[in-house]
Amino acid sequence: MITPPLEPFVDPLPLPSRLLASEHGGRLTVSIRSGAHTFHRDLPASRIWGYEGIVPGPTIEAERECAVTVEWRNELQGAYPVSVTVAPEATDADGVSVQCFPGLSGGEPDRHAAELTGHTVVHLHGALAPASYDGWAENLFAPGQAAVFHYPMDQRAALLWYHDHVMGITKLDVYAGLAGLWIVRDDRERELELPEGPPFEVPLLIQDRNFDLDERGQLTGRLVHKTDPEVMEAFPPFTVVNGKIWPVFEVRPATYRFRILNGSNARTYRLVLSRDGVPELERITQIGTDHGLLGSPAPVPADGLVLASAERADLIVDFSDLAAGTELTVLNTAAAPFDGSAFPAADAESATDPGSLLPYPQVLRFRVAGNAQSRRPIPRELATDYDPPTAEALARAPRRAIALVERELDDEPNMLTMRELAVVADVDQGPRVVVIDGRETTSYRVAAAHFEDTTTFFPMLGEYEVWQLINLTGDTHPIHLHLDPFQILARRPIRYEIPDGGIDERDLVANITVGRAPNDELDHAIDDNERGFKDTVRVNPNEIVEIAVRFTAYSGRYMYHCHILEHEDRDMMRPFVTMPRELMPFMA
């Protein structure tokens, strides 16, 4: 156990300010500027970069098929507000990871990070938007400049989010505070009479943060992004919800709708609702995922609700039978780095594990107050506007294979890449990736390995494609596709062998067999709450995930990547170009 240096559940949960596009004729101006934010009652104010200078940025609400134009004004001034460091040792004298503690742990502040002046680009995550407004990572605008983006909003009601997406430093700009929520609404949701707006619809942006210490060992409030020689991702110890560390939220005895986003750089959460040490997951019903409503309500998994970075969940939680004064706590039981391993919900109160970079499992507390309200029933049928792709559509769909690879390097963080694979004949020589699936054997070579390599994916508009994401690493990777959403077709266990030297700068040698490895204890199952439209999917170790995606409206250059931001910034990102069918004969 590590005694928390801050008292939990003393700050009330803030609700992000709302910015309704309909009240501004669909034209919004959002300033990106420096600000000050207090993360906890007992912390000094922290310098941040934020949309409108606040953390989180305002929640923008838009109506389906009512276009929104946003002028993003870069008004950032002053030095980058975060101390960035790599601690010289992975653990302290007691063998506890230094990432569990505040301060720099002996690390030197990164001078290159300190010199950042605030170039930015905004990505509306989950938006169906033309390529010129998607927030391409190299289309930067500097302090003093503005960018006008047009979002058609011709898409399902859903919780989206907007965040910085600058090449190489997405992890730093988002950590400094550049993130906010965006809600699309439509008539279908209103027909269902789901809670909308305050007080019974509550957005929750979950992140993790760390802070520096002064010479007396007291917390200063200055944000710290700290990694160590063994773990390249930052897993800060303090969970922050809507900008407050371990807040408390007073609820009435009523039915609430919580719109949850995991906006952390790298941490996966497995959320368990607990009362007096006993899980009460039956109070929770999931009605939607990344891109809106599920077909029908789904229970959360028995171990808790798993959300990797960028994943969202639309939840109905019933407090209607609880007496005033009742307290329920949301706990996180997911180890870091996350590898899909299970953890019983019944043990959530004892999930503390500094060895797994989880010194404090607390997330949020609910406290019941006030008089009972009427309980809202949950419709048995939610979405009626989608079905799984037909077998005929999938049979003729192009198939793309991508290997997720981590290459170990000396004296610098490992390089993570997504190796796009091209089928080759068995007689071809050179490094190959061989996949054995029952009686079928397929040989591949690496067609692209780095972000700046030649584009190899040119999906045609209106046509289904099946993408296979093959995880050859020990961690779970949340893979995000820009533009249109997808549906998960399968999770399949694999076992694989990579010889010494099999992973180099570009080539890859691996033998992969579809089937469970002897020591593999993961379920490799699609959870019921994943059977809707997604834009981010968890790919666990020893696993192939198959998704079906169909790009529908916009041609142009987009990207897909791991949404662990430290991975994305270390080259785990690739472009694709969507094309109309009639242009394909002219493509060389």
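The structure contained in this document is the topic of the report that follows. (Residues numbered from 1 in each chain as written. Predicted model: local features only at pLDDT ≥ 70, side-chain atom pairs only at ≥ 80, totals over all residues. Heavy atoms only, no water.)

1. Here we look at the overall build of the protein
Then step 1. Counting secondary structure elements, the protein contains 5 helices and 37 strands.
Then step 2. A compact globule built from 588 residues should have a C-alpha radius of gyration of about 25 Å, and the protein, at 23 Å, falls within 12% of that.
Then step 3. Projected onto its principal axes, the C-alpha positions of the protein cover 70 × 60 × 55 Å.
Then step 4. By residue count, 61% of the 588 residues in the protein fall in the buried class.
Then step 5. For the protein, contacts bridging at least 24 residues in sequence account for 78% of all contacts bridging at least 6.
Then step 6. Surface summary for the protein: the accessible area is close to 22,800 Å², and the carbon and sulfur share equals 47%.
Then step 7. The centroid of the 52 positive side-chain charges in the protein is displaced by 4 Å from the centroid of its 89 negative side-chain charges. (Helix = DSSP H or I, 4+ residues; strand = E, 2+ residues; numbered from the N terminus. Rg over C-alpha atoms; globule rule 2.2 N^0.38 Å. Buried < 20%, exposed > 50% of the residue type's maximum accessible area, 1.4 Å probe, protein only. Contact = heavy atoms within 4.5 Å. Areas by Shrake-Rupley, 256 points an atom, 1.4 Å probe, with all protein chains shown as cover. Lys, Arg positive; Asp, Glu negative; His and termini not counted. Charge placed at Lys NZ, Arg CZ, Asp CG, Glu CD.)

2. Observations regarding the sheet that holds strand β21 (residues 292-299)
Then step 1. As summarised here, the arrangement of the 7 strands in space is β15-β14-β11-β17-β23-β20-β21, forming an open sheet in which the pairing is mixed. Looking at the sheet topology across the chains shown, the edges are occupied by β15 (244-245) and β21.
Then step 2. Both strand β11 (residues 201-209) and strand β17 (residues 255-262) contribute to a ladder of 6 bridges, which runs parallel. Among the inter-strand pairings, glutamate 201 is bridged to a residue of β17, identified as arginine 257. (Pairing = 2+ DSSP bridges.)

3. As for the sheet that holds strand β28 (residues 433-437)
Then step 1. On the basis of which strands lie adjacent, the closed barrel formed by 8 strands has the order β26-β27-β29-β28-β33-β32-β35-β30 and mixed pairing. Averaged over all neighbouring strand pairs, the angle between strand axes comes to 35°, with direction disregarded.
Then step 2. Here strand β27 (residues 415-423) pairs with strand β29 (residues 440-448) via 4 bridges, running antiparallel. When the sheet's bridge partners are listed, glutamate 420 is paired in β29 with alanine 448. (Axes fitted to C-alpha atoms, helices over the stretch in contact; angles between N-to-C directions.)

4. Description of the pairing of strand β37 (residues 573-578)
Within a regular strand, side chains alternate between the sheet's two faces.
Then step 1. Burial runs high along β37: 6 of the 6 residues are buried.
Then step 2. Of the two faces of β37, both are covered, the one formed by Met573, Pro575 and Val577 as well as the one formed by Arg574, Phe576 and Thr578.
Then step 3. Of the strand pairs in this sheet, strand β36 (residues 556-562) and β37 are connected by 6 bridges, and their pairing is antiparallel. What sits directly across from glycine 556, in β37, is threonine 578.

5. Side note on the pairing of strand β24 (residues 327-332)
Then step 1. Burial within β24 is extensive, with 5 of its 6 residues counted as buried.
Then step 2. Where strand β18 (residues 269-275) and β24 come together, 4 bridges link them in antiparallel fashion. Looking at β24, one finds that leucine 271 is bridged to asparagine 332.
Then step 3. Where β24 lies against strand β25 (residues 362-368), 5 bridges are found, and the strand directions are antiparallel. Directly across from threonine 329, in β25, lies its bridge partner arginine 365.

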